[in-house]
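Residue-level structural notes
Here are the chains, one letter per residue:
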Amino acid sequence: MTINYWSLRVTEFVVRSNILLITAVVLLSLATGVLAGGQPHTGLYLLLLAAACSFEYFLHHYLKFILSGNRNAPEKFSWLLHNLKAVRVIILLSGAVTVITFLLVSRTVMLIVLLTGFFTLLYSLPARGEGSVFSLRRIPLLKTFATALIWTVITVFVPFADAGFVETTGLSLIFFTRFLLLFSVALMFDLRDVAEDRSAGILTIPGLAGRRLTLVLVSVLLLGFMGASCLLPVAMPDRLLPALAAAAPLLMLIFIPRLWADDLILALVLDGSLVVYGLGVLLG
């Protein structure tokens, strides 16, 4: 076995197992307290968010596999086919942990998670095609905005709600800054998936604007993200360095087109930028 073979297998595992996404939701939630000028707030809500993230993503991809008319396509479902039993166990365990921890958190956290979960359900189901008559997927250009908004709400509002803080002077700025980063990442994911979305009848921003305008929009959003980060109520190095560290790999994707050739590397960079940002804030 060559080094390239093992690096490919490790990369595939990290991306397909959603480890980066689960890590990102935890780190971004912890980073919220630091960006507010305090300390990272830990609690049972972190387990709830991690379990809910794992449950939603694994269940969504599993349902896409079940409902697909081309289930034997190795390029799309290869990893899931080779780990089908493990995926089913993860769905059951993460679902159980989500329910249990949901019942143990505060009512405010319950309400936020319930509303975002319901919004996600309206968009995600059914897992294939344009969606039912009640599906938010039918609304043009909503996909990117909805993804970024849900992630922003759960990683900003939930930590504050769990800590018992109702108001803070920096909350709106933290929310705005986080949304700019997540919207940039979501746009790049939708740019990658533009052909699949178009075939499913889903009109996204990249599907309407095209590749060039989408990348220009991402560049503007990243500049806004770095600018807004400078206004956060923490020391300047702690504001700017994590923002630069998160924006750098995204800017590489803009200026180095060949990085888009490999879906695994692309997902690794996009998800990794969120992990880098959250970790950078905590270490700063």
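Throughout what follows, the structure given in this document is the object of discussion.

Each value, and the rule that gives it
By convention here, each chain's residues receive numbers from 1 onward along its written sequence. With pLDDT at 70 or above as the cut-off, local features in this predicted model cover only qualifying residues; side-chain atom pairs require 80 or more to be listed or tallied, and sums for whole chains, interfaces and linings still use all residues. As a rule here, side-chain values cover all heavy atoms of the structure and leave hydrogens and water aside. Counted as salt bridges are all cases of a side-chain nitrogen of Lys or Arg within 4 Å of a carboxyl oxygen of Asp or Glu. Helix and strand definitions here come from DSSP, where helices need a minimum of 4 consecutive H or I residues and strands a minimum of 2 consecutive E residues; each element is numbered from the N-terminal end. Summary of the burial criterion: residues with accessible area below 20% of their type's maximum are buried, those above 50% are exposed, and those between are partly exposed, where the area comes from a 1.4 Å probe applied to protein chains only. One less than the number of residues in a helix, times 1.5 Å, gives the span that helix is expected to have. What makes two residues a contact is simply this: any of their non-hydrogen atoms within 4.5 Å. To define axes, lines are fitted to C-alpha atoms, for helices over the stretch in contact only, and angles between the resulting N-to-C directions are given on a 0 to 180 degree scale. Note on angle classes: values under 35 degrees are labelled roughly parallel, values over 145 roughly antiparallel, values of 65 to 115 roughly perpendicular, and the remainder oblique. Gly is placed with the polar residues, together with every amino acid not listed as nonpolar (Ala, Val, Leu, Ile, Met, Phe, Trp, Tyr, Cys and Pro) or charged (Asp, Glu, Lys and Arg).

**Quick notes on the pattern of salt bridges**
According to the stated counting rule, one finds four salt bridges in the structure shown. The salt bridge partner of Lys 143 is Asp 190, with a shortest N-O separation of 3.3 Å. Remark: Asp 190 occurs in helix α8 (residues 171-192) and Lys 143 occurs in helix α7 (residues 142-163); sequence separation between them is 47 residues. For the pair formed by Lys 143 and Asp 190, the shared burial category is buried. Note that Lys 143 is salt-bridged to Asp 197, the shortest N-O span being 2.9 Å. Of this pair, Lys 143 sits in helix α7 while Asp 197 sits in helix α9 (residues 194-199); the two residues are 54 residues apart in sequence, bridging distant segments of the chain. In this pair, the class of Lys 143 matches that of Asp 197, namely buried.

**Looking at helix α3 (residues 44-67)**
With 24 residues, α3 should reach 34 Å at 1.5 Å per residue; the first-to-last C-alpha distance of 34 Å fits that figure. Of all the residues in α3, the buried ones are Tyr 45, Leu 46, Leu 48, Leu 49, Ala 50, Ala 51, Cys 53, Ser 54, Phe 58, Tyr 62, Lys 64 and Phe 65.

**Structural notes on the environment of Val 234**
Note that Val 234 resides in the loop between α10 (205-229) and α11 (236-255). By relative accessible area, Val 234 is classed as buried at 13%. Through-space distance from the C-alpha of Val 234 to that of Leu 35 is 6.3 Å; in sequence the pair is 199 residues apart. Sequence-distant contacts of Val 234, that is, excluding residues within four places in its chain, are made with Val 34, Leu 35, Gly 37 and Arg 239.

**Side note on the packing of α10 against α11**
It is at 9 Å that the axes of α10 and α11 come closest, and there the two elements cross at 170 degrees. Judged by the inter-axis angle, α10 sits roughly antiparallel to α11. Residues Leu 215, Val 218, Ser 219, Leu 222, Phe 225, Met 226 and Ser 229 of α10 pack against Arg 239, Leu 240, Ala 243, Leu 244, Ala 246, Ala 247, Leu 250, Leu 251 and Ile 254 of α11. Its residues assigned to classes, the contact of α10 with α11 comprises 13 nonpolar, two polar and one charged.

**Remarks on the side chain of Thr 144**
Along the polypeptide, Thr 144 turns up in helix α7. Judged by relative accessible area, which is 0%, Thr 144 ranks as buried. Beyond its immediate sequence surroundings of up to four residues, Thr 144 is in contact with Phe 183, Ala 186, Leu 187, Asp 190, Thr 204, Ile 205 and Pro 206.

Note that every value here comes from positions in space, so none of it alone points to a role or purpose.
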